[in-house]
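Residues per chain are reported as follows:
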Amino acid sequence: MKAPASKRHIPTRAPTRPARIERLPEQYFGALLARVAAQAAVKGEPLLDLGRGNPETGPPAHIIDALTKAAERPDVHGYSPFRGLPELREALAERYRTHYSVELDPHSEVAVVPGTKTAIVELSLVLAEEGQTVVLPDPYYPDYPSAPALAGARTGLLPLTPSRAWAPDFSRAPAEDVAAVYFNYPNNPCAVAVPDGAFEQAIEYAHATGAAVVHDFAYGDLVFDGREPRSFLAAPGAKEVGVEMFSMSKSYGMAGWRVGFVVGNAEIVERINLLNDHCRVGIFRPIQEACIAALTGPQDSVAERRDTYQRRRDRVLEVLGPMTCEGTFYLWLELPEGVTFESLLTEHRLVVAPGEGFGPSGAGWVRLSLAVSDETLELGLERLSRAL
Ligand SMILES: Cc1ncc(COP(=O)(O)O)c(C=O)c1O
């Protein structure tokens, strides 16, 4: 009989870790959750969490119904097609046509991936040779640096600065041996919609340097004050130089379902599909069918979600004063002297996302989330105004 796991011999000298694992940076969100759990165990008022970017409400009933009905069928439990259901790729292409005025060939220009977090890493693996540079915006989404690290690429920075309304400054980005440039609008963490000209400048940069463009559209539908969602692929020539990641997580509150897409340049889409042919099989079919229901069914929930975040944004501005927030469900806030992530956590029992994990320019900043209940937001704002 096998010994129970706890009694089994654990080797004391593990084989050396491969360099690609050693290169990985600290996992920001894992470390943050551990720090918060440790503080929660310290006696005091319950912690209030305005740090998480996890949608607080799930998808509407018709999407869940599609999942449960499909799961009851006997024919859905085997392996599903490697490259996703054709109907799902068609549904996504149709959404791009009707919502973002972009034509996509569902067969060659749409890859289905298990969440765009996965695609963030895979795109560096399929675009960069070891030693080339992958350029990331600064500030960046904290999972971005893992991608060049795993690919054995160098990391370069594309500055976004408050004085330029967080527009990317391509003139200050590396220009030599750049394999890819990543950026994301509506921007996490800066909470701005895409500035005029940014997509066009990215395309010019791609032509000048040979870099592929990776635009992360995770918050695409969450833009406020009457703005229309703007896809990178709607910019003339975008598809020749790059791809966009679209996620089901934020538009539909389906973050736990793990479905996303890489769309655009057919060669890059094919490389992502090829990598995935070797690493995994298709996503559970009922999930794909429910995603079709989400993309092709009523879209009221997307607008309601956006309006809820806009209403909460207004409330934050009412309490804290003027700040830029044009979309996403975040606010990017520079802390005054003497106030830090640690002081908010330990003295005020308030969790925010510390800016240090968002790149060199994030020091002294924090990200607040609106993806919390109204009640949590109110209580969090009370503690924050006291602290500030
Ligand atoms: C900018 C950005 N990109 C990508 C992701 C990952 O999203 P997904 O759930 O599709 O993996 C997130 C999640 O918070 C994000 O904020």
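Criteria and thresholds
Residues numbered from 1 in each chain as written. Predicted model: local features only at pLDDT ≥ 70, side-chain atom pairs only at ≥ 80, totals over all residues. Axes fitted to C-alpha atoms, helices over the stretch in contact; angles between N-to-C directions. Helix = DSSP H or I, 4+ residues; strand = E, 2+ residues; numbered from the N terminus. Parallel < 35°, antiparallel > 145°, perpendicular 65-115°, else oblique. Left-handed = near helix turned anticlockwise from the far one by under 90°. Contact = placed C-beta atoms within 7 Å. Nonpolar A, V, L, I, M, F, W, Y, C, P; charged D, E, K, R; others polar. Buried ≥ 20, exposed ≤ 12 C-beta atoms within 10 Å, placed from the backbone. Pairing = 2+ DSSP bridges. Near = placed C-beta within 6 Å. Domains from an automatic or database assignment. Expected span 1.5 Å × (residues − 1). Core = buried A, V, L, I, M, F, W, Y, C linked by C-beta atoms within 7 Å.

A. Representation of the packing of helix α4 (residues 86-100) against helix α11 (residues 285-296). The contact between α4 and α11 brings their axes to 9 Å, and the two run at 20°. Taken together, the axis directions place α4 and α11 in an arrangement best described as roughly parallel. As for how α4 packs across α11, the hand of that crossing is left-handed. Residues Glu87, Leu88, Ala91, Leu92 and Arg95 of α4 touch α11, and the partners they reach there are Gln288, Cys291, Ile292, Leu295 and Thr296. Within the contact of α4 with α11, the residues separate by chemical class into 6 nonpolar, 2 polar and 2 charged.

B. Spotlight on the pairing of strand β7 (residues 242-247). With respect to burial, β7 is a largely interior element, 6 of its 6 residues being buried. With burial as the criterion, each face of β7 is covered, one bearing Gly242, Glu244 and Phe246 and the other bearing Val243, Met245 and Ser247. Pairing geometry for strand β6 (residues 212-216) and β7, over 4 bridges, is parallel. Paired with Val213 across the two strands is Gly242, which belongs to β7. Of the pairings in the sheet, the one linking β7 to strand β8 (residues 260-264) comprises 5 bridges and is antiparallel in character. Bridging from a neighbouring strand, Phe246 pairs with Phe261 of β8.

C. Here's a closer look at the site of the ligand. Around the ligand sit 13 residues in total, of which Gly115, Thr116, Lys117, Ser247 and Ser249 are the nearest. Along the lines of polarity and charge, the residues of the shell around the ligand split into 3 nonpolar, 8 polar and 2 charged.

D. A look at the domain arrangement of the protein. Parsing the protein into structural domains produces domain 1 (5-58 + 301-387) and domain 2 (61-296). Put simply, the middle of domain 1 and the middle of domain 2, counted by C-alpha atoms, are 23 Å apart. Listed per partner, the contact involves 33 residues of domain 1 and 30 residues of domain 2. For the side of domain 1 that touches domain 2, the secondary structure elements donating two or more residues are α2 (28-40), α12 (300-320) and β9 (330-334). A total of 7 residues in the side of domain 1 that touches domain 2 trace back to one element, the largest contributor, which is α12. Per-class residue counts for the side of domain 1 that touches domain 2 are 14 nonpolar, 12 polar and 7 charged.

E. How the structure looks around the sheet that holds strand β12 (residues 365-369). What the 3 strands build is an open sheet, ordered β9-β12-β11; its pairing is antiparallel. With partners counted over all chains shown, the strands left at the sheet margins are β9 and β11 (353-354), one partner each. Summarising the sheet, β9 and β12 pair through 5 bridges and their orientation is antiparallel. Note on β12: the bridge partner recorded for Tyr330 is Ser369.

F. Up close: the pairing of strand β5 (residues 178-184). The buried fraction of β5 is high, at 7 of 7 residues. Pairing of strand β3 (residues 133-138) with β5 involves 3 bridges; the strand directions are parallel. Note on β5: the bridge partner recorded for Thr133 is Val178. As paired elements, β5 and β6 share 5 bridges and run parallel to each other. Following the sheet pairing, Ala180 is matched in β6 by Ala212.

G. Just helix α5 (residues 116-127), in detail. Along its 12 residues, α5 runs 16 Å from first to last C-alpha, staying within 8% of the 16 Å computed at 1.5 Å per residue. In terms of burial, α5 is a largely internal element, 9 of the 12 residues being buried. Of all the residues in α5, the buried ones are Thr116, Lys117, Ala119, Ile120, Glu122, Leu123, Ser124, Val126 and Leu127.

H. Structural context of the nonpolar core. Counting 117 residues, the largest nonpolar core has Ala180, Val181 and Val263 as the members making the most contacts within it. Taken together, domain 1 (5-58 + 301-387) and domain 2 (61-296) each give at least three residues to this core, which thus spans both.

I. Local environment of the packing of helix α3 (residues 61-72) against α11. Running from amino to carboxyl end, α3 crosses α11 at an angle of 150°, the nearest separation of the two axes being 8 Å. Considering the angle they form, α3 stands roughly antiparallel to α11. For the pair α3 and α11, the sense of crossing is right-handed. The residues of α11 that touch α3, namely those facing His62, Ile63, Ala66, Leu67, Ala70 and Ala71, are Arg285, Pro286, Ile287, Glu289, Ala290, Ala293 and Ala294. Here the residues of the contact of α3 with α11 are counted per class, giving 10 nonpolar, 1 polar and 2 charged.

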